[in-house]
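In case you want the letters, here they are:
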Amino acid sequence: MTARFLITAVAFLYAATIPMNAHFQRHFVSGKSRDIVQNIFGGLRGMVADWSYMKAEEYHHRGLPFLKSTAYHQGESALMEESVDRSGKSHHAHGEEPVAPSDFFSKVYDAVKVTGDSHLTPAEEKEVLPWFYVEVRFNPHDIRGYILGAYWLKRMGKNAESLNFLKEGLKNNPESAQIFSALGDYYYQDKDSDRAIIYLERAKTLWSKDTYPNKVTDEYMKTDRFYAYDLLGDLYEKRREYRKAAQVYGELFSADPNRILLQKIMRLKGIIEGK
Amino acid sequence: MHTTLILARGVLKELIRRKDFYLIFFFLLVIICSSASLSFGGETGFQRYFKEIGISFAYIFSVVIAVTFASAQIPREIESKTIYPILAHPVSRGDFIIGKFLGVLFVAAASFTLFYAVFIGSLHVKGDLSTPPTLLMQGYLFHICLLSFFVALCLLFSLFLTTTANMGISLILYFATDWFGATLPNYIYLPHPELFDIKDKIIHTQDIIPAWAASFLVLYAVIYTALFLMLAYMVFKKRNL
């Protein structure tokens, strides 16, 4: 074989691969500005835990990759959305589904990869559970793993297992306002108001410090904080401890002002003042 | 052709002699058994998790075998000077490259076949027959394509890199493209080996891959393999031995 023939053959083969790749590019989504270097050097355990969380999200979407599934939900996690929703039903908002191009290369990509967004049926939902287990085994300080794992256990009617998982989380993260809030919520739903108040009061104290790991950095934490204060206020109201309830709502209002809270505060003031 | 097959058979004998294959196989059995027994929140029998662990490790371990074998072939022959009597026989440098490629590919494919058989066998033992057999066969075929791709790439790299560096870089390439391939910035001038990975389809029991798409992927693998082997031959031909 002459050198010219070889060079021509190599150039031809290489050139043949370019059009094969050209149209795949539209399927590659650039990830959120996640620092991979920080992930790698921040500890392999943390990385595996994060990966497990992404796996749970992927399983929830029947194999649709994490970044693709969050793209369907305006950059949000469906697992997190459902857990803060607390209704126990799968009805989080779907964004407009991206229109799939219909050219040959897109069809190849669609054929070999999972690209459609669908969710596990209730009977299949237990399939997400192992990933929360793996997540917290690799990183026992991964509060999100405990919160989501407990939520999904409860959603499947495994209340005792959910409580145990949260207690395990509390043992590993004794300063987590989110876990205290989740435990308070558990006892609130269980109509054990004495215990619920103990956990929610502790959660309130931790939230008010606004320091790691309880610094409110995203909407999910904000919702958790709101929910904890709201439950606590509601419990005090039920006990006719209106001053305490108004104080709880007032504290929340100063951190997260909104109209509903203001209405509650005004209503309680009216009751306290005997109007 | 005869000399090429003799070279390939030599690589296969190496697999039987070396202990690491048996160790990897033992690890796979342990991993599959432990994932089958996972229990959380009083729940057991997680089908998708079990499939994920079984097929992922069958894939990863066969790539590790392919990369470790392919990286060492040519440098070891040169280091131990056994390449001289081989090339002194009527064996062309092209035959040498092809022989090594076929040998390593056969070793990797044989290991993968065993690992995959264990995975499918364990699914049957668990009574999980949810995945269509055609999809399982396609998973097998595409992974052989991936092995062919990496064996050829490693043989090419082995002409420039030390064995250890070659293994490291090749494995990083495998994991990087498999895990982050879909998140890397748009690129068309480099290959996409992650396309050969259809384990998500298998795990989540999705539709089988249509024949035309499967044919395209096989062609994709053949072109890249031929490209890498051709480049390896060009470099090896110029090498002053």
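The preceding data block contains the structure.
In this report, the structure presented in the accompanying data block is examined.

Cut-offs applied
- Residues numbered from 1 in each chain as written.
- Chains lettered and ligands numbered in written order.
- Predicted model: local features only at pLDDT ≥ 70, side-chain atom pairs only at ≥ 80, totals over all residues.
- Helix = DSSP H or I, 4+ residues; strand = E, 2+ residues; numbered from the N terminus.
- Rg over C-alpha atoms; globule rule 2.2 N^0.38 Å.
- Buried ≥ 20, exposed ≤ 12 C-beta atoms within 10 Å, placed from the backbone.
- Contact = placed C-beta atoms within 7 Å.
- Nonpolar A, V, L, I, M, F, W, Y, C, P; charged D, E, K, R; others polar.
- Core = buried A, V, L, I, M, F, W, Y, C linked by C-beta atoms within 7 Å.

1. Points about the overall build of chain B
- Counting its regular elements, chain B contains nine helices and zero strands.
- Secondary structure elements of chain B, listed N to C terminal, follow the sequence α-α-α-α-α-α-α-α-α.
- At 19 Å, chain B has a C-alpha radius of gyration in line with the 18 Å of a compact globule built from 241 residues.
- The buried share among the 241 residues of chain B stands at 43%.
- Within chain B, contacts between residues at least 6 apart in sequence are counted, and of these 85% link residues at least 24 apart.

2. Comments concerning the interface of chain B and chain A
- Tallying the contact residues gives 38 residues for chain B and 37 residues for chain A.
- Secondary-structure elements contributing two or more residues to the side of chain B that touches chain A are α3 (47-79), α8 (199-203) and α9 (211-238) of chain B.
- By residue number, the principal contributor to the side of chain B that touches chain A is α9 of chain B, which donates eleven residues.
- Class assignment of the residues belonging to the side of chain B that touches chain A gives a composition of 26 nonpolar, eight polar and four charged.

3. Points about unusual backbone geometry
- Residue P213 of chain A is bonded to the preceding Y212 of chain A through a cis peptide linkage, with omega at 5 degrees.
- Its place among the elements puts P213 of chain A in the loop between α11 (193-209) and α12 (219-238).
- Non-glycine residue K191 of chain A carries a positive phi angle of around 60 degrees.
- Positive phi values are uncommon outside glycine, yet T205 of chain B reaches one of about 50 degrees.
- By the secondary structure assignment, T205 of chain B is in the loop between α8 and α9.
- Taking the C-beta count within 10 Å as the criterion, T205 of chain B has 16 such neighbours and is therefore assigned partly exposed.

4. Observations regarding the nonpolar core
Residue and element names in this part refer to chain B.
- Counting residues in each nonpolar core, the largest one holds 125 residues, and the members touching the most others are A66, A108, L147, F150 and V151.
- Counting residues per element, this core draws most heavily on α3, at 15 residues.
- In this structure L147 touches S62, V63, A66, L105, A108, A109 and F112, once residues within four positions along its chain are discounted.

All quantities given are derived from atomic positions and should not be read as evidence of function.
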